[in-house]
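The lines below spell out each chain.
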Amino acid sequence: MSRPAGAGRDDAGPLTPPDAVRRRVLLAGIAMAAMLPRQAVSATRRHVLSRDPAAHAAAHVTPAHATSAGAALHRPAIVGRASPPRPLIMLDPGHGGKDPGAIGISGTYEKHVAEAAAAELQRQLVGSGRYRVAMTRADDRFIPLEGRVDLAHSHKASLFISMHADALHDPAVRGASVYTLSSHASDAQTAAIARSENSADRFGGPQVHATSPEVQEILASLVTEETRHGAAHMASSIVSSFRPRISLLTHPARHASFVVLKSADIPSVLVEMGFMSNHMDEAALRQSAHRMVVAGAMVQAIDRYFASASMVTRVTG
């Protein structure tokens, strides 16, 4: 039997009736999808992909050239320079171990006061987030004077601060003071303090010898002018921070030939927080609240020191 003209045909040529139906349904679906909102199309696509694992896998294949291009577009740009490392401050609690340092009129040991004050200063410096801190000792141990300087060099310290609370023959003398290195003492009292501090190595036994005065003078002469200037600036900054809140000696910035300050390239200061031979100084240094005040003033002085150093670096290049 012959078919009626045009039966089962469309513009693409002869089709069987089932093929024609499937094609019309597909075209109708595409037309409807074009009119749907984007969210609906996305939902429909997810539904189809969930029903057809092969389609789901194909949908997630990305051409190699597209991957490299996308990575190039999203790669973060490098702008500016990395921040410089935070300066490292070496704190040196005086004495320790078999060397008690000065003994206060009520029996307080200088080594314990120095360690407690240095620990508080470390806590405040680290808490500021502006510095790294290392300690020559964090417990009750003996370290030779030379070893303290060597530790500062091995840590590449930017600043060395030795902390003490000495004793004098005159119990009426009280107040804090700051010392820098010099081949000659600024006064007789400072010379006596330097002799006391430099004799600490006698506790180390025969293998440890305090540096002779002649060698100390040679070592002091080797310290660079830049290091001397930095130490003097740090000492001045500490005195300025101490003045409104902590009792000071008359002329509190002094100098002498301290072995522990002999580093040629690290600005170094020795801080006498008070005298264990004075009952008021000793009583104050036994109190954690007073040590917090001392540490807070020193943090302020250190901030001022590095702010000034940074400004000089920016100006001079």
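It should be emphasised that the depicted structure is a prediction, and the values quoted were computed from it without experimental measurement.

Draft legend 1. Structural context of the pattern of salt bridges. Overall, the coordinates contain nine salt bridges when judged by the stated rule. Note that D303 and R130 form a salt bridge whose closest N and O atoms lie 2.9 Å from each other. Of this pair, D303 sits in helix α11 (residues 288–316) while R130 sits in the loop between α5 (110–128) and β4 (132–135), and the two are 173 residues apart along the sequence. The exposure class assigned to D303 is partly exposed, which follows from its relative accessible area of 24%. Classification of R130 by relative accessible area gives partly exposed; the value is 40%.

Draft legend 2. Expanded view of helix α6 (residues 145–154). Every buried residue of α6 is listed here: L145, R148, V149 and A152. Within α6, the buried residues cover an arc of 95° as seen down the axis, which keeps them to one side. Looking at the packing, one finds that the buried side of α6 touches β3 (88–93), β5 (159–164) and α7 (188–198). Just downstream of α6, K156 is the residue with a positive phi angle, here 55°.

Draft legend 3. A look at the sheet that holds strand β8 (residues 268–272). Taken in spatial order, the six strands line up as β4-β3-β5-β8-β6-β7 in an open sheet, and their pairing is mixed. The open sheet is flanked by β4 and β7 (248–256), the only strands paired with a single partner. Averaged over neighbouring strand pairs, the angle between their axes works out to 20° when direction is ignored. As defined by bridge partners, strand β6 (residues 176–181) adjoins β7 across five bridges and the pair is classed as parallel. Across the sheet, the residue bridging to V178 is A253, located in β7. On top of the sheet, α5 reaches β3, β4 and β5; it is set at about 160° to β3, its chief contact. Set on the sheet, helix α9 (residues 225–242) makes contact with β5, β6, β7 and β8; between it and β6 the angle comes to about 175°.

Draft legend 4. Examining the nonpolar core more closely. Counting residues in hydrophobic clusters, the biggest one holds 39 residues, and the most contacted among them are L125, I161, F242, V269, V271 and I302. For this core, the secondary-structure elements that each account for two or more residues are β3, α5, β4, β5, β6, α9, β8 and α11. If you tally residues by element for this core, the top one is α11, at nine residues. Beyond its immediate stretch of four places on either side in the chain, L125 contacts I89, L91, R130, Y131, V133, V299 and I302. One finds Y179, L181, V223 and V260 within the second-largest nonpolar core, a separate group that totals 24 residues.

Draft legend 5. Just the confidence of the model for the protein chain, in detail. On average, residues of the protein chain score 80 in pLDDT, and 66% of them reach the 70 mark or higher. Below pLDDT 50 for its whole length, residues 38–50 participates in six contacts with residues either more than four positions away or in separate chains. pLDDT under 50 marks residues 53–71. Its contacts with residues more than four places away, or in other chains, come to five contacts.

What counts, and where the lines are drawn
- Residues numbered from 1 in each chain as written.
- Predicted model: local features only at pLDDT ≥ 70, side-chain atom pairs only at ≥ 80, totals over all residues.
- Heavy atoms only, no water.
- Salt bridge = Lys/Arg side-chain N within 4 Å of Asp/Glu carboxyl O.
- Helix = DSSP H or I, 4+ residues; strand = E, 2+ residues; numbered from the N terminus.
- Buried < 20%, exposed > 50% of the residue type's maximum accessible area, 1.4 Å probe, protein only.
- Arc of directions from axis to C-beta.
- Contact = heavy atoms within 4.5 Å.
- Pairing = 2+ DSSP bridges.
- Axes fitted to C-alpha atoms, helices over the stretch in contact; angles between N-to-C directions.
- Core = buried A, V, L, I, M, F, W, Y, C linked by side-chain atoms within 4.5 Å.
- pLDDT = per-residue confidence, 0-100.

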